[in-house]
Amino acid sequence: AGVSGKALDLTWTVQNAAGAGNATRAWNDLVYLSTEPVVNAGATLLVSEPRAAGILAGGASYLVNRTVQLPIGLTGTRYIIIVVDGYTAQPESNESNNLFVQAITLTAPDLVVSGATATPNPVANGANFTVAYTVTNTGGAPADRAWSEWVVLSDDEYFGNSDDILVGSISQTDPLAAGATFAR
């Protein structure tokens, strides 16, 4: 499992087949994140791990520990795909065994505002008013980055069009755990 926008620790082992010759050229192990268990046009390259020529004798192996940064805004099932000799620089007797695929579930925070009220209501032109609301993190991960909450007056239910007027904002820096709620 991983959290969208956060670091993910990976470990993989690569073994050169027994009886195979030494690696004669430099190569790269590639790590992708994909929505499918294959490397396709939509896969995101997370890291290219270079390997020097001649360091892997027949029957030998090496272990890689690498931390990768997951993209922001992704949830659900994704696939970590590790491709050894990803650019096919190394001449091999069997290229079909250079791929490892692991499904992972990505979670992310999901902030939902509810129960918004303005007091007094209606508000007289030019008068002060108080806004109260609740914020809930319905996502599967903590909201641990700063965010802003805006109070906007609008003639309609659509945010971002020409009739919106920003009347207040609050910067939130305290984390909000998954499933947690706070009221303003």
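What counts, and where the lines are drawn
Residues numbered from 1 in each chain as written. Predicted model: local features only at pLDDT ≥ 70, side-chain atom pairs only at ≥ 80, totals over all residues. Heavy atoms only, no water. Pairing = 2+ DSSP bridges. Helix = DSSP H or I, 4+ residues; strand = E, 2+ residues; numbered from the N terminus. Axes fitted to C-alpha atoms, helices over the stretch in contact; angles between N-to-C directions. Buried < 20%, exposed > 50% of the residue type's maximum accessible area, 1.4 Å probe, protein only. Salt bridge = Lys/Arg side-chain N within 4 Å of Asp/Glu carboxyl O. Lys, Arg positive; Asp, Glu negative; His and termini not counted. Contact = heavy atoms within 4.5 Å. pLDDT = per-residue confidence, 0-100.

Points about the sheet that holds strand 12 (residues 181-183)
For step 1, the next point in the chain: Pairing is antiparallel in the open sheet, where 3 strands are placed in the order 8-9-12. Only two strands of the sheet have a single partner each, and these edge strands are strand 8 (111-119) and strand 12. The mean angle between the axes of side-by-side strands here comes to 10°, regardless of whether they run parallel or antiparallel.
For step 2, the next point in the chain: Pairing analysis gives 7 bridges linking strand 8 to strand 9 (residues 130-137), with the strands arranged antiparallel. The residue of strand 9 that forms the bridge with Thr117 is Ala132.

Things to note about the pairing of strand 3 (residues 27-34)
For step 1, the next point in the chain: In terms of residue burial, strand 3 counts as a mostly covered element, since 7 of its 8 residues are buried.
For step 2, the next point in the chain: Pairing of strand 3 with strand 4 (residues 44-51), which is carried by 7 bridges, proceeds in the antiparallel orientation. Residue pairing across strands places Leu30 opposite Ser48, the latter belonging to strand 4.
For step 3, the next point in the chain: For strand 3 and strand 6 (residues 76-83), the ladder comprises 5 bridges, and the chain directions are antiparallel. Across the sheet, Leu33 pairs through a bridge with Ile80, a residue of strand 6.

Points about the pattern of salt bridges
For step 1, the next point in the chain: This structure, assessed with the given rule, holds 3 salt bridges.
For step 2, the next point in the chain: Residues Lys6 and Asp144 are paired through a salt bridge, measuring 2.9 Å at the closest nitrogen-oxygen approach. You can see Lys6 sitting in the loop between strand 1 (2-3) and strand 2 (7-15) and its partner Asp144 sitting in the loop between strand 9 and strand 10 (147-153), a full 138 residues away along the chain.
For step 3, the next point in the chain: Judged by relative accessible area, which is 38%, Asp144 ranks as partly exposed.
For step 4, the next point in the chain: Note that Glu49 is salt-bridged to Arg66, the shortest N-O span being 2.3 Å.

Looking at the side chain of Arg78
For step 1, the next point in the chain: Along the polypeptide, Arg78 turns up in strand 6.
For step 2, the next point in the chain: For Arg78, which is buried and forms no salt bridge, the nearest opposite charge comes from Glu36, at a distance of 10 Å.
For step 3, the next point in the chain: If we ignore the near neighbours within four places in the chain, the residues touching Arg78 are Leu33, Ser34, Thr35, Gln102, Ala103, Ile104 and Leu106.

A short note on the confidence of the model for the protein
For step 1, the next point in the chain: Of the residues in the protein, 100% have a pLDDT of 70 or more, and the chain-wide mean is 91.
For step 2, the next point in the chain: At the level of individual helices and strands, the protein shows its lowest average pLDDT in strand 1, which scores 89, and its highest in strand 6, which scores 96.

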